[in-house]
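Chains, contacts and geometry: an overview
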Amino acid sequence: MGTKISNMHHKFHYIIVFAFLFAVASCNTESKQGQKTTVKKATPKIQVPEFNADSAYAYVEAQVNFGPRVPNTPEHDACASYLENKMKSFGASVIVQKAKVKAYDDSFLRMSNIIASFQPEKKNRVMLFAHWDTRPVADYCEDPARRDDPILGANDGASGVGVLMEIGRQLGMSPSNVGVDIIFFDAEDYGTPDHLDLPRKEDSWCLGSQYWSSNMHQMGYYPRYGILLDMVGAKGAMFYKEQVSMGYAPGIVNKVWNIAHELGYASVFVNDRGGMITDDHVYVNAVAGIPAINIIQHDPETATNFGAYWHTHDDNLDVIDKTTLKMVGHTVITTVYRE
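This write-up is about the structure you can find in this document. Just so we're clear, the structure is a prediction, and the values are computed from it rather than from any experiment. (Residues numbered from 1 in each chain as written. Predicted model: local features only at pLDDT ≥ 70, side-chain atom pairs only at ≥ 80, totals over all residues. Heavy atoms only, no water.)

**Examining the overall build of the chain**
Condition: Secondary structure is summarised from DSSP: a helix means a run of H or I of at least four residues, a strand means a run of E of at least two, and numbering begins at the N terminus for each. Categorising residues by exposure relies on relative accessible area from a 1.4 Å probe, with only protein chains included: less than 20% of the type maximum marks a residue as buried, more than 50% marks it as exposed, and the intermediate range marks it as partly exposed. Only heavy atoms enter the contact rule, under which two residues are in contact if any of them lie within 4.5 Å. All accessibility values rest on the Shrake-Rupley procedure with a 1.4 Å probe; residue burial counts only the protein chains present in the view.
Counting secondary structure elements, the chain contains 9 helices and 8 strands. The buried share of the chain, reckoned over its 339 residues, is 52%. Taking the contacts inside the chain whose residues are at least 6 apart along the sequence as the reference set, 78% of them involve residues at least 24 apart. For the chain, the accessible area works out to roughly 16200 Å², and carbon and sulfur atoms hold 54% of it.

**Describing a negative patch on the surface**
We count it as follows: Residues qualify for a patch when their relative accessible area is over 30% and they have no salt bridge, like charges being joined within 9 Å and the nonpolar side chains of Val, Leu, Ile, Met, Phe, Trp and Tyr within 5 Å. A carboxyl oxygen of Asp or Glu within 4 Å of a side-chain nitrogen of Lys or Arg is what we treat as a salt bridge. We treat Lys and Arg as the positive residues and Asp and Glu as the negative residues; His and chain ends play no part in the count. For the purpose of locating charges, the reference atoms are NZ of Lys, CZ of Arg, CG of Asp and CD of Glu.
On the surface, Glu142, Asp143, Asp148, Asp149, Asp314 and Asp318 cluster together to form a negatively charged patch. Looking at the element boundaries, aspartate 143 is found in the loop between β3 (125-131) and α4 (154-173).

**Some thoughts on the packing of helix α7 (residues 250-262) against helix α9 (residues 322-337)**
Threshold: Helix axes are fitted only over the stretch in contact, all axes being lines through C-alpha atoms; the angle between N-to-C directions runs from 0 to 180 degrees. Two helices crossing with the near one rotated counterclockwise from the far one by less than a right angle form a left-handed crossing, whereas a clockwise rotation gives a right-handed crossing. For this classification, Asp, Glu, Lys and Arg are treated as charged, while Ala, Val, Leu, Ile, Met, Phe, Trp, Tyr, Cys and Pro are nonpolar and the rest, including Gly, are polar.
Where α7 contacts α9, the two axes come as close as 9 Å, and the packing angle between them is 120°. As for how α7 packs across α9, the hand of that crossing is right-handed. When α7 is examined against α9, the residues Lys255, Val256, Ile259 and Ala260 are found in contact with a partner set consisting of Thr331, Thr334 and Thr335. Classifying every residue of the contact of α7 with α9 gives 3 nonpolar, 3 polar and 1 charged.

**Re the packing of aromatic side chains**
Inclusion rule: Two aromatic rings, drawn from Phe, Tyr or Trp (for Trp, its six-membered ring), form a pair once their centres lie within 6.5 Å of each other, and the interplanar angle then sorts them: stacked below 30 degrees, edge-to-face above 60, tilted otherwise. In this scheme, the term charge over a ring applies when either NZ of a lysine or CZ of an arginine sits within 6 Å of the ring centre and within 35 degrees of the ring normal.
By the definition in use, this model includes 10 aromatic pairs. Between tyrosine 104 and tyrosine 190, the aromatic rings sit 6.0 Å apart at their centres with planes inclined by 35°, giving tilted as the arrangement. Of this pair, tyrosine 104 sits in the loop between β1 (93-102) and β2 (108-118) while tyrosine 190 sits in the loop between β4 (179-185) and α5 (207-214), placing them 86 residues apart in sequence. As far as the burial class goes, tyrosine 104 and tyrosine 190 line up, both buried. Relative to tryptophan 310, the ring of phenylalanine 306 lies with its centre 4.9 Å away and its plane at 55°, an arrangement referred to as tilted. On the accessibility criterion, phenylalanine 306 (9% relative accessible area) is buried. Taken together, the ring pairs in this structure connect Phe129, Phe185, Trp212 and Tyr221 into an aromatic cluster. Between lysine 322 and the ring centre of tyrosine 57, over which it is positioned, the NZ or CZ distance is 5.2 Å.

**Considering unusual backbone geometry**
Residue alanine 187 is not a glycine yet carries a positive backbone phi of 55°. Among the secondary structure elements, alanine 187 is positioned in the loop between β4 and α5. On the accessibility criterion, alanine 187 (0% relative accessible area) is buried. Positive phi values are uncommon outside glycine, yet cysteine 206 reaches one of about 55°. If you trace the backbone, cysteine 206 turns up in the loop between β4 and α5.

**Some points on the sheet that holds strand β5 (residues 226-230)**
For clarity, the cut-off: Only strands that DSSP links by at least two bridges are regarded as paired with each other.
Taking strand neighbours across the sheet as the criterion, the 6 strands line up as β1-β2-β4-β3-β5-β8 in an open arrangement whose pairing is mixed. A single partner strand is all that each edge strand has here, and the edge strands are β1 and β8 (292-296). Averaged over neighbouring strand pairs, the angle between their axes works out to 20° when direction is ignored. Where β1 meets β2, 10 bridges bridge the pair, whose relative direction is antiparallel. Counted as the bridge partner of lysine 100 is arginine 110 from β2. Lying over the sheet, α4 contacts β2, β3, β4 and β5, oriented at roughly 145° with respect to β3.

Okay, structure coming up:
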């Protein structure tokens, strides 16, 4: 009997201790349940779509077929409608920001910035941009009689837009984790002509991005960063780390260049500094306050650093190479889809 009583005592003691521990645990559970806890959801991994260089080339060709896209011309108006409708067909929400801006000669230009937003409801965003207008003069044409004629701008203008149009097409079919805004800036290439004896007016270039940076299409718009594409389609083009980009957003430059190297494009995305370029990213950084970089051709073997065809009538479809479009497009689309 004694032994049995002793065993019962121990069992009863265990039951009391267990009940006490259960009560404490229950209280803790109830206490925790009363608190608001935030569980961070893992970002789903999305496969990077294949960048189609044939498609990008077709978009470059379509722009060139309009002729020079100089503000205040019918060709410019027609191309604006094409870009707007094409981006809408990809599923983007499109805003056309129209304004009149003053050029170097005090004339007024009818300008259209085309803003195509994919997944506009998302607050976490990335901005991709290029200029879609073309140079109204051929400053560096060897024939002086043709220097006042506008250029086709296959590389200087159409190439960056063509790459971004193909990325937009892919975004419409395979949404990324982040929202993406593709902006085509106007009146970038209407700066003071170099072949004329005129005073150099400050800020005569990049009129569309200057206007947008002070009059954004959306109040409180602030993407994580921006990537500018300018002259990204020429045969044998190489891309150095542009100095304004390194000054404002070195981390973004290095991230993009590292991805390019990972993809096998180290010989084209050179791990060295290039020049300091006045381009749309300058105003996006300095005025809008958005960290932005410029992927732009740098050719140290030529006097202009931009290729012998730059701002001449040789900037036509003959200089465009699908391989270059592919390398740039593959790098940028991979950067976006990894966010």
